[in-house]
Amino acid sequence: MTLLTKLSLLTGVLLLSGCGGGKQIAPEPIQKNSYQLDVIVAGTDEAVKFSWLGKNLTASKQGNFNESASSYQPPSALQFPLKHQCSYAHTQLAQLHYQISINCQAEQTYRLVVSVAGTDQPIQFNWQANSHTVTRQAEITATGYEYQPPTAFVYPNNVTCQAVHKSVLALADTNQQDYQLTVTCQTPEVTTYIEILQPLPYQSMVQFGEQTVAVQNTDTLTLKSVDVSLVPSISYSDGPQLCQLTVIPEQARHYKLTCEEFLIAQHNTAGAAAPLMLFTANQTPLDLGLSTDLMLTEHKVFTWQGSYYFATNQGIYKMTLVNGEVDRVTLELNNDTSLTHEFYNQELRKLVALGPAGAKRLEDNGWQTVQATSGTNISALFSSQNSLSWLNKQNDNSVRLMQRVDGDTDRIKLAEQEFSRHSDYGTLVGEGTSVWTYWNKHGELVYQNLRYTIPTLIDVIPAVESPSVWQRSNIADNLVRLRDGQVQFFDTEADSYNFSWQLLFTDAANWLSGSKKLLLTGQQTEQSIAQINTVYIDGENTLPQLQASSQSVSPFWINTQVMENDQKRALNPKTMLQGWALLYQGSEQAGQIWLTNGKALYLVKDASNLAQYQALSLLQVGKQLALINNETTTAVELTPLINNQALTNTSK
């Protein structure tokens, strides 16, 4: 068989196999199944959108869906509600039955109320994926789908803290969840010690944070605080003193408090201007930086509410201290030249200044005029118990006693005898008397009783009877005199309202002088000097004790020269002041100068002579030092004799 014949036969076979009696066979149809989908939505009322088996569907809470398809496909393209976080799980329940469970969580607002106690320093912590710093208290809000408690706390150094966190009822929106964080801290206390090795002249106020502690006596002050940065300071003192707080080496938080009394005076040096200086016993005098034209009109420093005041010929000056040291000196009142305290029933005292226009009192809101005057004020202010007084001269030359009692203006008294000079005193208030003194042109001391007597009691004391003033008690100023060998004081008689001169003691002396509770008698020579007969204080003569302390049998002498000018003649010598007396002991060529309050001796200068002593005047006396003036101003530390040995004094 040829190749052509074979191909023809094959072709015929193929053609025959493609014919089916002339009919075509149809394809078998695709089989579809009916599927069921249960949808459950939890955590939200809003709808969830999704695609399933070619359909876009929406379901809220729950739904059942049926669709036919040749094959099953899980839900896709799920769209959840805004501000919701959702998860889902798809499961097959049966052969053609499926379920999708959707769990949603709506975005929440959280509030955290934070309070911190026991420290003023900030604390730090993490909350709701952020870091926060809080001091004392705060309210913080945040949003999220899940609450995260505070973590990662950072507390201040040296502080122990405990945090308590809890949920509280929502205070506002129900979609808000409130939480409370309470942090309680404790700082270990540190102790600061202040040693006072010697008693202070005056009470001092130590400031330590919010604490103010009064100190004066020898002590160790213990101050506790949780603030390690606190250091003590001097707030103020109740008297004129400079103070220092110094760190004790090699002792942590240990200080030493020392204070020195100060007085103010002209620093007289021969042939030079005399600036006002601040004197202490152990330091170089401090120049106050004021004009050398200034002169003290009263050698006193007054304290009021932590500041210090003194009177000059140009006005009242105020000195302010900061932490115990001089900070500034300023002119407080221009032209007012006298200053003193006004007492109310011996309890309340206010500072009063006197100027050309009258008296001003320092109140909390500044200086206030309390008594206006006309004419000319010719004396300084004088305070005695609850009385404040001064002398005023009118244009007609009449002299009046201006007086305030218990802080109020009292009756004005006229001089009822011819007035010549004042006595450097105003109203003297005793236990039962109130007496005004002045000199007449005959050199007699006129004393005028201000109590209600009819007729008004007026008498005179001759100068030879050494009229003076002495304090019978701590508050009573009595007039004293020396008559016919008797030392007498003027007062009311016991159990009566009669005024009379009463015997204090007998003494064969011809000179008498008092200063506060100290009363001296002596035999005066023609050289204005008197040999001491009696040193009378607190009811006894202490001259024998003073003589023994000096370890010498030589008598004591006193310069009896008084300060006087055209307007006044003082009742005390320039060597007696504020209950103190400047005495001399020895021969005319060699001796010692002493200072005494009647109870102890203080060595002022050894190897002196009488002429040098007679040139001295007593300017001021405080608790720790005295100022004595000649050509130079000398500060003398008041160190008394102990066991009959004179301690070295410090002079500058």
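These numbers were taken from a predicted model, which means no experiment stands behind them. (Residues numbered from 1 in each chain as written. Predicted model: local features only at pLDDT ≥ 70, side-chain atom pairs only at ≥ 80, totals over all residues. Heavy atoms only, no water.)

**Some thoughts on the overall build of the chain**
What the chain contains, in helices and strands, is three helices and 60 strands. For a compact globule of 652 residues, the expected C-alpha radius of gyration is about 26 Å, and the chain comes in at 51 Å, more than 25% above that figure. The buried share of the chain, taken over its 652 residues, is 46%. Put simply, 47% of the contacts in the chain that link residues at least 6 apart link residues at least 24 apart. (Helix = DSSP H or I, 4+ residues; strand = E, 2+ residues; numbered from the N terminus. Rg over C-alpha atoms; globule rule 2.2 N^0.38 Å. Buried < 20%, exposed > 50% of the residue type's maximum accessible area, 1.4 Å probe, protein only. Contact = heavy atoms within 4.5 Å.)

**Brief notes about the sheet that holds strand 6 (residues 84-92)**
What the four strands build is an open sheet, ordered 4-1-7-6; its pairing is mixed. Whereas interior strands pair on both sides, the edge strands pair on one side only; in this sheet they are strand 4 (62-69) and strand 6. The average angle at which neighbouring strand axes cross in this sheet is 20°, direction not considered. Bridge count between strand 1 (residues 33-42) and strand 4: eight bridges; the pairing is antiparallel. Considered in strand 4, the bridge of Val39 is made with Gly63. (Pairing = 2+ DSSP bridges. Axes fitted to C-alpha atoms, helices over the stretch in contact; angles between N-to-C directions.)

**Re the environment of Lys300**
Here Lys300 lies in the loop between strand 24 (286-287) and strand 25 (302-304). We classify Lys300 as partly exposed; its relative accessible area is 40%. Lys300 sits 84 residues away from Gln216 along the chain, and the two C-alpha atoms are 22 Å apart. Sequence-distant contacts of Lys300, that is, excluding residues within four places in its chain, are made with Tyr309, Phe310, Gln578 and Gln620.

**Comments concerning the state of the cysteines**
Considering all chains together, one arrives at three disulfides under this definition. With a sulfur-sulfur separation of 2.0 Å, Cys86 is cross-linked through a disulfide to Cys104. Its torsion about the S-S bond being 110°, the disulfide of Cys86 and Cys104 is classed as right-handed. Taken together, the residues span a long stretch of sequence, with Cys86 in strand 6 and Cys104 in strand 7 (residues 97-106) at a distance of 18 residues. Neither residue differs from the other here; Cys86 and Cys104 are each classed as buried. Linked covalently through their sulfurs, Cys243 and Cys259 form a disulfide whose S-S length is 2.1 Å. Every disulfide takes its handedness from the sign of the S-S torsion; for Cys243 and Cys259 that torsion is 110°, giving right-handed. Linking Cys243 in strand 20 (residues 241-247) with Cys259 in strand 21 (residues 254-261), this pair joins segments that are 16 residues apart in sequence. The exposure class assigned to Cys243 is buried, which follows from its relative accessible area of 1%. Under the relative-accessibility criterion, Cys259 is labelled buried at 8%. (Disulfide = S-S within 2.5 Å.)

**Looking at the confidence of the model for the chain**
Caution is warranted with low-pLDDT regions, since their predicted coordinates should not be read in detail. Scored by pLDDT, the chain comes out at a mean of 87, with 90% of its residues at no less than 70. Mean pLDDT per element in the chain: helix 1 (residues 3-17) is the minimum at 38, and strand 51 (residues 556-559) is the maximum at 97. For the stretch residues 641-652, pLDDT sits under 50, and the model shows 34 contacts to residues farther than four places along the chain or on other chains. (pLDDT = per-residue confidence, 0-100.)

**Some remarks on helix 2 (residues 543-550)**
Every buried residue of helix 2 is listed here: Leu543, Leu546, Gln547 and Ser550. Each buried residue of helix 2 lies within a common arc of 100° when the element is viewed along its axis, so the set occupies one face. Buried-residue contacts for helix 2 involve strand 49 (529-537), strand 50 (540-541), strand 51, strand 55 (580-586), strand 56 (591-596) and strand 57 (601-608). Just downstream of helix 2 lies Gln551, where phi reads positive at about 55°. (Arc of directions from axis to C-beta.)

**Some remarks on the sheet that holds strand 25**
Pairing is antiparallel across the open sheet formed by four strands, whose spatial order is 25-26-27-28. A strand with exactly one partner marks an edge of an open sheet, and here the two such strands are strand 25 and strand 28 (325-334). Across this sheet, the average inter-strand angle for adjacent strands is 30°, counted without regard to direction. Pairing of strand 25 with strand 26 (residues 307-312) involves three bridges; the strand directions are antiparallel. Paired with Thr303 across the bridge in strand 26 is Tyr308.

**Quick notes on the pairing of strand 21**
Across the eight residues of strand 21, six count as buried, placing the element largely inside the fold. Judged from the three bridges that link them, strand 15 (residues 190-196) and strand 21 form a sheet pairing that is parallel. Bridged to Glu195 within strand 21 is Lys256. Where strand 20 lies against strand 21, seven bridges are found, and the strand directions are antiparallel. The residue of strand 21 that forms the bridge with Cys243 is Cys259. Counted along the chain from strand 20 to the antiparallel partner strand 21, the turn is six residues long, and its residue Glu250 has a positive phi close to 60°.

**Considerations on the nonpolar core**
Counting residues in each nonpolar core, the largest one holds 34 residues, and the members touching the most others are Leu520, Ile532, Phe556, Ile558, Leu582 and Leu595. Looking at this core, the element that brings in the most residues is strand 55, giving five residues. Once residues within four sequence positions are removed from consideration, Phe556 is found in contact with Ala530, Gln531, Ile532, Leu543, Leu546, Gln547, Ser550, Leu583, Tyr584, Gln585, Trp594 and Leu601. Tyr35, Val41, Trp52 and Cys104 belong to the second largest nonpolar core, which has 19 residues in total. (Core = buried A, V, L, I, M, F, W, Y, C linked by side-chain atoms within 4.5 Å.)

**Points about the packing of aromatic side chains**
What describes a pair of aromatic rings is the distance from one ring centre to the other and the angle between the planes of the rings. Tallied over the full model, the rule gives 26 aromatic pairs. Judged by centre distance (5.7 Å) and plane angle (90°), the rings of Tyr447 and Trp501 are edge-to-face. In this pair, Tyr447 is assigned in strand 41 (residues 444-449) and Trp501 in strand 46 (residues 499-506), connecting sequence segments 54 residues apart. Its relative accessible area of 2% is what places Tyr447 among the buried residues. Given the relative accessible area of 18%, Trp501 is considered buried. Joined through ring pairs, the aromatic side chains of Tyr35, Trp52, Tyr72 and Tyr98 make up one cluster. Against the face of Trp501 rests Arg481, its NZ or CZ located 4.0 Å from the ring centre. A cation sits over an aromatic face here: Arg569 above Trp439, 4.9 Å from the ring centre. (Phe/Tyr/Trp six-rings, centres within 6.5 Å; stacked < 30°, edge-to-face > 60°. Lys NZ or Arg CZ within 6 Å of the ring centre and 35° of its normal.)

**Focus on empty space enclosed by the protein**
Enumeration according to the criterion identifies one cavity of 30 Å³ or more in this entry. Within this model, the largest cavity holds a volume of roughly 50 Å³. Taken together, Ile234, Ser235, Tyr236, Ser237, Gln241, Gly306, Tyr308, Leu321 and Gly324 form the lining of the largest cavity. When grouped by side-chain class, the residues that make up the lining of the largest cavity number four nonpolar, five polar and no charged. (1 Å grid on protein atoms, 1.4 Å probe; cavity = no way out; pocket = protein on both sides within 12 Å on 5 of 7 lines; lining within 4 Å. Points joined across faces, edges and corners; volume = space filled by probe spheres on them. Nonpolar A, V, L, I, M, F, W, Y, C, P; charged D, E, K, R; others polar.)

**Side note on the pattern of salt bridges**
Per the counting criterion, the structure on display carries 20 salt bridges. Across the pair Lys568 and Asp424 runs a salt bridge whose closest N-O atoms are separated by 3.5 Å. Highlighted residues: Lys568 in the loop between strand 52 (562-564) and strand 53 (569-573) and Asp424 in strand 39 (residues 421-429), separated in sequence by 144 residues. The exposure class assigned to Asp424 is partly exposed, which follows from its relative accessible area of 38%. (Salt bridge = Lys/Arg side-chain N within 4 Å of Asp/Glu carboxyl O.)

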